[in-house]
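Reading the structure
As a plain string of letters, each chain reads:
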Amino acid sequence: GAVVSQHPSWVICKSGTSVKIECRSLDFQATTMFWYRQFPKQSLMLMATSNEGSKATYEQGVEKDKFLINHASLTLSTLTVTSAHPEDSSFYICSAPWGGGGYTFGSGTRLTVV
Amino acid sequence: GENVEQHPSTLSVQEGDSAVIKCTYSDSASNYFPWYKQELGKRPQLIIDIRSNVGEKKDQRIAVTLNKTAKHFSLHITETQPEDSAVYFCAASRDGNKLVFGAGTILRVKS
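This text gives an overview of the structure that appears in the document. Given the structure is predicted, the values throughout are model-derived calculations rather than measurements. (Residues numbered from 1 in each chain as written. Chains lettered and ligands numbered in written order. Predicted model: local features only at pLDDT ≥ 70, side-chain atom pairs only at ≥ 80, totals over all residues. Heavy atoms only, no water.)

Focus on the packing of aromatic side chains
The geometry of an aromatic ring pair comes down to the distance between the two centres and the angle between the two planes. Worth spelling out the cut-off: Here the aromatic set is Phe, Tyr and Trp, taking the six-membered ring for Trp, and pairing holds for ring centres within 6.5 Å; pairs whose planes are under 30 degrees apart are stacked, those over 60 apart are edge-to-face, and all others are tilted. As a reminder, the over-ring test applies to NZ of lysine and CZ of arginine, requiring each to be within 6 Å of the ring centre and within 35 degrees of the ring normal.
Taken as a whole and judged by the stated rule, the model has twelve aromatic pairs over all chains. Among the aromatic residues, ring-to-ring pairing joins Tyr36 and Phe105 of chain A together with Tyr36, Phe89 and Phe101 of chain B into one connected group. For Lys66 of chain A, the ring lying beneath its charged end belongs to Phe67 of chain A, and the centroid distance is 5.9 Å.

Here it is as structure tokens:
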């Protein structure tokens, strides 16, 4: 139980374009979704918290106009990287708390901006 | 907000020896402390967790201890095997809120 499906698993895009990453909770309702970014050989850094039906909360230093988060339903949260640049290349991963008391993670998205 | 520090950043042990990774946290209200193992390009995999009402938890070769007063918790792996080689992260959270990760430890088990 408590599965989050994340797509795509990898994406290559041109500089200046936008990329959307989706996280779907398959067997539970995710009222909250956490979005993390992980650069090579570094830890998972929280970017923002999305809550179903309300605006996302961004961590300090994360540009909300660049990283658009939408959580329109209890089963879907999306992260859109707008006007992507090579420095946005990273591993993006979503996570949701679930009723069992822990957290479930998506499989991650490797974004490469060329 | 919560801040989690993790040490050491790298750890090399001989196969069969024990490995210990330590973390400290800053928010005394944190009540959930998981440990994850992560392989390159993969999602973190929960290996053990502990809640603030428990001081120690063990699962076969893996154990976690928690000292709430000192605000630190540790991962203990006994009888290490080459397949234990990976990156390990500690984390802390409160009541299902955001999970804050430590910087990670690269564990190398030499055979």
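Okay, back to it.
A short note on unusual backbone geometry
Put simply, the rule is: A run of DSSP states H or I qualifies as a helix once it reaches four residues; a run of E qualifies as a strand once it reaches two. Both are numbered from the N-terminal end. Under the scheme applied here, a residue whose accessible area is under 20% of the maximum for its type counts as buried, over 50% as exposed, and between as partly exposed, the area being computed with a 1.4 Å probe on protein chains only.
Residues His7 of chain A and Pro8 of chain A are joined by a peptide bond in cis, for which omega reads -5 degrees. For Pro8 of chain A, the location among the structural elements is in the loop between strand E1 (4-7) and strand E2 (10-13). Cis geometry is adopted by the peptide bond preceding Pro8 of chain B, which originates at His7 of chain B and carries an omega value of -5 degrees. Notably, Ser83 of chain A is not glycine yet its phi reads approximately 45 degrees, a positive angle. Structurally, the position occupied by Ser83 of chain A is in the loop between strand E8 (76-81) and strand E9 (90-97). Classification of Ser83 of chain A as partly exposed rests on a relative accessible area of 36%. A positive phi is found at Gln60 of chain B, a non-glycine position, where the angle reads about 55 degrees. Position of Gln60 of chain B among the secondary structure elements: in the loop between strand E6 (56-59) and strand E7 (62-67).

Quick look at the pattern of salt bridges
Residues and elements named next belong to chain B. Our working definition: Within this document, salt bridges are pairs made up of a side-chain nitrogen of Lys or Arg and a carboxyl oxygen of Asp or Glu, the two lying within 4 Å of each other.
Within the structure shown, the criterion is met by six salt bridges over all chains. Its salt-bridge partner being Asp49, residue Lys57 comes within 2.8 Å of it at the nearest N-O pair. Asp84 is the partner of Arg61 in a salt bridge, and the nearest nitrogen-oxygen pair spans 2.9 Å. Here Asp84 lies in the loop between strand E8 (72-77) and strand E9 (86-92) and Arg61 lies in the loop between E6 and E7, a separation of 23 residues in the sequence.

Side note on the state of the cysteines
Disulfides are covalent bonds that connect the sulfur atoms of two cysteines. Residue and element names in this part refer to chain A. For the record, the criterion: Criterion for a disulfide: a pair of cysteine sulfur atoms within 2.5 Å.
Here the structure, examined in full by the defined rule, presents two disulfides over all chains. Note on cysteine connectivity: Cys23 is disulfide-linked to Cys94, with sulfurs 1.9 Å apart. The disulfide joining Cys23 to Cys94 has a torsion of about -95 degrees about its S-S bond and is therefore left-handed. Taken as a pair, Cys23 in strand E3 (residues 19-25) and Cys94 in strand E9 lie far apart in primary sequence, 71 residues in all. For the pair Cys23 and Cys94, a shared accessibility class is recorded, and that class is buried.

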